[in-house]
Amino acid sequence: MTIVTPTSDPSSRYRIEPTVLQALRSPRILTREVLAGLVVAIALIPEAIAFSIIAGVDPRVGLFSSFVMAVAIAFLGGRPAMITAATGAIALVIAPVARDYGMDYFIATVILGGLIQIVLALLGVAKLMRFIPRSVMVGFVNALAILIFISQVPQLLGVPWLVYPLVGAGLLIMYLLPRLTKVVPAPLVAIVLLTGAAVVFGLNVPTVGDQGELPRSLPELFIPNVPLNLETLQIIAPFAIAMAVVGILESLMTAKLVDEITDTHSRKTRETWAQGVANMLSGIFGGMGGCAMIGQTMINVKASGARTRISTFLAGVFLLVLVLALGDVVAVIPMAALVAVMIVVSIATFDWHSITPATLKRMPKSELAVMLISVVATVWTRNLAIGVVLGVLVAMVLFARRVAHFTSVTRRIDGGTAHYDVEGELFFASSNDLTTQFEYTTDPDRIVIEMSRSHIWDASTVAALDAVVTKYEAHGKSVHIEGMNDATTAFHQRLSGGVASSH
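Worth saying up front: this structure is predicted, and the values here are computed from it rather than measured.

What counts and what doesn't
Residues numbered from 1 in each chain as written. Predicted model: local features only at pLDDT ≥ 70, side-chain atom pairs only at ≥ 80, totals over all residues. Heavy atoms only, no water. Phe/Tyr/Trp six-rings, centres within 6.5 Å; stacked < 30°, edge-to-face > 60°. Helix = DSSP H or I, 4+ residues; strand = E, 2+ residues; numbered from the N terminus. Core = buried A, V, L, I, M, F, W, Y, C linked by side-chain atoms within 4.5 Å. Buried < 20%, exposed > 50% of the residue type's maximum accessible area, 1.4 Å probe, protein only. Contact = heavy atoms within 4.5 Å. Pairing = 2+ DSSP bridges. Axes fitted to C-alpha atoms, helices over the stretch in contact; angles between N-to-C directions. Expected span 1.5 Å × (residues − 1). Bend = angle between axes of the 7 residues up to and from the residue.

## Examining the packing of aromatic side chains
So, step 1. Scanning the entire structure with this criterion turns up 8 aromatic pairs.
So, step 2. Where Tyr101 meets Tyr105, the ring centres are 5.9 Å apart and the plane angle is 45°; that geometry is what we call tilted.
So, step 3. The interplanar angle of 55° and the centroid separation of 4.9 Å between the aromatic rings of Tyr440 and Tyr472 together place this pair among those described as tilted. Here Tyr440, found in the loop between helix 18 (428–431) and strand 5 (446–456), pairs with Tyr472, found in helix 19 (residues 459–474); they are 32 residues apart in sequence, far enough to count as distant.

## Some remarks on the nonpolar core
So, step 1. The biggest cluster of nonpolar side chains holds 109 residues, and the ones touching the most others in it are Ile45 and Phe106.
So, step 2. It is helix 9 (residues 230–262) that provides the largest number of residues to this core, a total of 13 residues.
So, step 3. Apart from the residues within four sequence positions on either side, Phe106 is in contact with Ala55, Val57, Val61, Ile94, Val97, Ala98 and Met288.
So, step 4. Core analysis: the next-biggest nonpolar cluster, separate from the first, contains 21 residues, Ala418, Leu465, Val469 and Phe491 among them.

## Looking at the pairing of strand 3 (residues 408–414)
So, step 1. Summarising the sheet, strand 3 and strand 4 (residues 417–426) pair through 7 bridges and their orientation is antiparallel. What sits directly across from Thr410, in strand 4, is Asp421.
So, step 2. Between the antiparallel neighbours strand 3 and strand 4 lie 2 residues, among them Gly415 with a positive phi of about 70°.

## Observations regarding the sheet that holds strand 3
So, step 1. Spatial ordering of the open sheet is given by 3-4-5-6, a layout of 4 strands whose pairing is mixed. With one partner strand each, in any of the chains shown, strand 3 and strand 6 (478–482) form the two edges of the open sheet. Mean inter-strand twist for the sheet, computed between neighbouring axes without regard to direction, equals 20°.
So, step 2. Contacts from helix 19 reach strand 4, strand 5 and strand 6, with the element oriented near 175° to strand 5.

## Quick word on helix 4 (residues 88–101)
For an α-helix, the turn length of 3.6 residues means that residues three or four places apart are oriented alike.
So, step 1. For helix 4, built from 14 residues, the straight-helix expectation of 20 Å at 1.5 Å per residue is met to within 8% by its first-to-last C-alpha distance of 20 Å.
So, step 2. At Ile94, helix 4 is bent by approximately 45°, the largest bend along its length, and proline Pro96 sits one to four residues beyond.
So, step 3. Taking burial as the measure, the 14 residues of helix 4 include 10 buried ones, the bulk of the element.
So, step 4. Among the residues of helix 4, Gly88, Ala89, Ile90, Ala91, Val93, Ile94, Ala95, Pro96, Val97 and Ala98 are the ones counted as buried.
So, step 5. Turning to helix 4, the residues buried within the fold contact helix 2 (27–55), helix 5 (103–122), helix 9 and strand 2 (291–292).
So, step 6. Just downstream of helix 4, Gly102 is the residue with a positive phi angle, here 100°.

## Describing the pairing of strand 4
Consecutive side chains of a regular strand alternate in pointing toward one face of the sheet and then the other.
So, step 1. Most of strand 4 is tucked away, with 8 of its 10 residues classed as buried.
So, step 2. Judged from the 9 bridges that link them, strand 4 and strand 5 form a sheet pairing that is parallel. In the sheet register, Tyr420 faces strand 5, and the bridge partner there is Ile449.

In structure tokens, the structure reads:
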């Protein structure tokens, strides 16, 4: 028999290789990380601009936010190779602030949202991730893949016909190149070749430059000019809380997904407070805030093979360099190239195994329902957080319903005593019908309720047992509750309304 003993160094569980130092010493790994960061930076530009438009702010706000957050998370984050930048989910949550109250209140909301994330991290909110079932995780991943694909559809509608062969060529390059070599990330090759073709042949297709004006100067400190009073807090707090919760949820779900892809462990609590610090820094430099970007993370980890903080750091640095120093070059990149990259990412992200006939036949209907609800809710609302929360709630209800059916009450008469054997886990869902399982009028004068094969979990069950005893006493009969384990006895005695128990 093999005995597994815990490691003497708990921190080794979180040691992810290759480390930054190992990558710096290996030209092969370093090249992969550098090129991965470059691909992510190129893909970030149009998305950051688009999210700025959603939030109702200048494109520079989203671009600067992506730069600041990527660099900050590279040093502070708990999940190496994960990309954090301005996101659509955060943009949707805080957009009303910019529209209704102006830029100063908008930035104040971002800073407060970051502060709330730090507080939530200190309160241990990251530990709640263990309560997210796998069916919700699969639904989250599949919904994400669908949303990534849907987000590219506008770039394929009402565009010149040349866009379609360019997208097709990009998909072909990214499908065939990894079969020949993985030294250079296929997405980068596709972007370079398609950009070259568009420039050489003078193709009239939508480009990155068409998405919005790129900034020409470095980000500057932005201290919001808002009154520090209760009225300001009442305006920004609801949006800041929503931003903090959505950001944490998406970031931790992304970290969990990367953990599964790389077979490593991330520091969820560290990632939570790091997101808060990154958001505060983003706000201080006039950024719109954000969270982990699942699509860009998949480009980095899956499509490009990055594994260290170097790729995350360079994604931020390259982003700033590209928009400031090479803005004219970036502006001519055809959107078709980036659309092709995101389509490949969506295909790679989707859990195809989860929808095979064999899997669907084998999976319990409740698990399938949870996965489907998570997908539909996420895609319908375009909000990953809503889909996850709803999926978890449905999973909890279905679990409680399933466990409740494992409770039974068996009656037998032995002489002048009625014996009731209660078996199973007793909580609000299973104990609601407990009072109906007893024969109050026809039982003998002495009743014994045997609890050795059951366990009391909540006050609802204690109240149900009290009600049973009270009903019997109203008929002039005595009740003895026997066989409770120590935990159940202590819980029952603390909450019971004076019911005497014997063992």
